[in-house]
Each structure stands twice: as structure tokens, then as C-alpha cells.
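Understanding the architecture of this molecule
Take a look at the letters that make up each chain.
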Amino acid sequence: FFLPLFSPFLLGALLAVSAEPMVSFLHKKLRVPRGVSAGIGVSMAFSLLSILLLCLCAFLVRELGNLSNVLPDLGRTAKNGFSLIRNWLLQLSARTPEGLQPVLEENVNRFFSDGTALLDKATGWLLGLAGAILSHVPDSAFGLGTALVSAFLISGKLPRIRRWLLRRIPRNWLRWWNNALKQARNVFSGW
């Protein structure tokens, strides 16, 4: 229930934690103030993630262009295949007893007319899905902005937050989470 409310802050915390190595390097080694280090580190981490996302989107757009070039041919091939199967089934139904022929021909014709209707429904569903995704873009932009601002703020106070959490969380929970994270790291690095 509360996930939509807290998700921008969780994203901000993940971004702040991912920027922490650079922030601590700038703060400890180069003696840059923590707030400035947080601004630089989070900006660099966000920029890197944005570049990776843009590269992925560029790849998807290029592949969608290739798909759009092939799609008309695929549609014609599918229609030809459907008509061949329909004709073959109609020829088979012509070899059946005369009492069954009208029923079989009607079922074959109805099935293939429903097949194109099914294709039309699938196309309509895909267009509706694209519209639904595009309608969430403004909300996502607002949530991303909130996550970015919270990442800057969390990164500036991350050592204090970490000390506060370490004092409040029981040691056995910390050990369990530490072991689980080590196992996850081993699995992902081995993979």
C-alpha cells in the first residue's frame, strides 16, 4: 500500500548507496566537503545510469526500426499461411460425408474470420498498452525527480543514517542480512 509513496525515496537511497564509493573517496582522500562530494558523486552515478539507459533505448529504437521494415512481409506471410491452411481444411471438409460438409465449412470459415478478428484485437491491445505506458510518463518524471533530490539529501547524511540504523537494528538481523548479501554477491559474480 505504501510502496508508491516510498518508492522514490527507496530509489534515492539506492542511488545514494551506489554513489557512496565516489563520495567517500572525494570526502576522505581529496578532503572535499561531504555535501559537495555527495553532489558530485550522485550526479556522476545518475549520469552513468542515464547514459546506460539511453544506450539501451537507442538499441531498442534501432531494433524497432528493423522490425518495422520486416513486419509488413511477416503480415503478408501470415495471411498467406492462414489462407493456405484454410483452403487445405476446406478441401478436407469436401471429402467428408455430405451431411457434415456444411457444418465443417462453416466452422473453418468462422475460425479463420475469428483469427483475423483475434489479430485485430491483439493489435488494439498493443496500441492500448503503448498509450497506457505513455500516460505514466509525467508521473514517472515526477517520481524520478523526487528520487534524485532524495538521493542528494540521503548521500549527504549517509554516514549518520548508517550509524543510526546500526544502533537500532539487532545484531543477529545484521549478520543474517550480511550473509545473504555475501551469498547474492557470490552468485551474481559467479554468474
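Look up: the structure comes first, before these words.
Thresholds, definitions, all that
Residues numbered from 1 in each chain as written. Predicted model: local features only at pLDDT ≥ 70, side-chain atom pairs only at ≥ 80, totals over all residues. Heavy atoms only, no water. Helix = DSSP H or I, 4+ residues; strand = E, 2+ residues; numbered from the N terminus. Rg over C-alpha atoms; globule rule 2.2 N^0.38 Å. Buried < 20%, exposed > 50% of the residue type's maximum accessible area, 1.4 Å probe, protein only. Contact = heavy atoms within 4.5 Å. Areas by Shrake-Rupley, 256 points an atom, 1.4 Å probe, with all protein chains shown as cover. Lys, Arg positive; Asp, Glu negative; His and termini not counted. Charge placed at Lys NZ, Arg CZ, Asp CG, Glu CD. Phe/Tyr/Trp six-rings, centres within 6.5 Å; stacked < 30°, edge-to-face > 60°. Patch = residues over 30% accessible without salt bridge, like charges linked within 9 Å, V, L, I, M, F, W, Y side chains within 5 Å. Salt bridge = Lys/Arg side-chain N within 4 Å of Asp/Glu carboxyl O. Expected span 1.5 Å × (residues − 1). Bend = angle between axes of the 7 residues up to and from the residue. Polar contact = N/O pair within 3.5 Å; in protein donor to acceptor, adjacent residues only side chain to side chain. Core = buried A, V, L, I, M, F, W, Y, C linked by side-chain atoms within 4.5 Å. Axes fitted to C-alpha atoms, helices over the stretch in contact; angles between N-to-C directions. Parallel < 35°, antiparallel > 145°, perpendicular 65-115°, else oblique. Left-handed = near helix turned anticlockwise from the far one by under 90°. Nonpolar A, V, L, I, M, F, W, Y, C, P; charged D, E, K, R; others polar.

This part covers the overall build of the chain. If you tally the helices and strands in the chain, you get 6 helices and 0 strands. Going from the N terminus to the C terminus, the chain shows its helices and strands as α-α-α-α-α-α. For a compact globule of 191 residues, the expected C-alpha radius of gyration is about 16 Å, and the chain comes in at 29 Å, more than 25% above that figure. Counting every position in the chain, which comprises 191 residues, the buried fraction comes to 14%. Within the chain, contacts between residues at least 6 apart in sequence are counted, and of these 59% link residues at least 24 apart. With an accessible surface of roughly 15,200 Å², the chain has 72% of that area assigned to carbon and sulfur atoms. The chain carries 21 positive and 9 negative side-chain charges, and their two centres are separated by 35 Å.

Here we take up the packing of aromatic side chains. Evaluation of the coordinates by the stated rule reveals 2 aromatic pairs. Geometrically, the ring pair formed by F2 and F6 is tilted, given 6.1 Å between the ring centres and 50° between the ring planes. Classification of F6 as partly exposed rests on a relative accessible area of 44%. Ring geometry for W176 and W177: centres 5.0 Å apart, planes at 90°, overall edge-to-face. On the accessibility criterion, W176 (55% relative accessible area) is exposed.

Glancing now at a nonpolar patch on the surface. On the surface, a nonpolar cluster with roughly 850 Å² of combined accessible area is contributed by F1, F2, L3, L5, F6, F9 and L10. Its location among the elements puts L5 in helix α1 (residues 3-29). Look at L5 and you get exposed, because its relative accessible area is 51%.

In this section: the pattern of salt bridges. Scanning all chains against the criterion turns up 2 salt bridges. Two residues, E20 and R34, come together in a salt bridge whose shortest N-O distance is 2.9 Å. Highlighted residues: E20 in helix α1 and R34 in helix α2 (residues 34-94), separated in sequence by 14 residues. Comparing E20 with R34 shows no difference in burial state: the two are buried. The partner of E63 in a salt bridge is R62, and the shortest N-O contact between them spans 3.3 Å.

Its 61 residues place the ends of α2 84 Å apart at the C-alpha level, agreeing with the 90 Å of an ideal helix rising 1.5 Å per residue. Largest kink in α2: about 35°, centred on V70, with the proline P72 one to four residues after it. All buried positions along α2 are accounted for by R34, S37, A38, G41, V42, A45, L90 and S93.

This next bit is on the side chain of S37. Residue placement: S37 occurs in helix α2. For S37, the side chain forms a polar contact with the main-chain nitrogen of H27, separated by 3.5 Å. Dropping the residues within four chain positions of it, S37 is found in contact with V23, L26, H27 and V32.

The next subject is the nonpolar core. L15, A19, V23, V42, A45 and A151 together form the largest nonpolar core, which totals 6 residues. Here this core takes 3 residues from α1, the largest share from any one element.

Moving on, we come to the environment of Q91. Topologically, Q91 is positioned in helix α2. Judged by relative accessible area, Q91 falls into the partly exposed class, the value being 49%. Each C-alpha atom of the pair Q91 and L74 lies 26 Å from the other, and the pair is 17 residues apart in sequence.

This brings us to the packing of α2 against helix α4 (residues 137-156). In the contact formed by α2 and α4, the axes pass within 8 Å of each other and the chain directions differ by 140°. Comparing their axes, α4 and α2 come out oblique. The interaxial crossing formed by α2 with α4 has right-handed handedness. Along its contact with α2, which presents R34, A38, G39, V42, S43 and F46, the element α4 presents L144, L148, A151, F152, S155 and G156. Here the residues of the contact of α2 with α4 are counted per class, giving 7 nonpolar, 4 polar and 1 charged.

Quick look at unusual backbone geometry now. Its identity as a non-glycine residue notwithstanding, R31 has a phi of 55°, on the positive side. Inspection of the secondary structure assignment puts R31 in the loop between α1 and α2.

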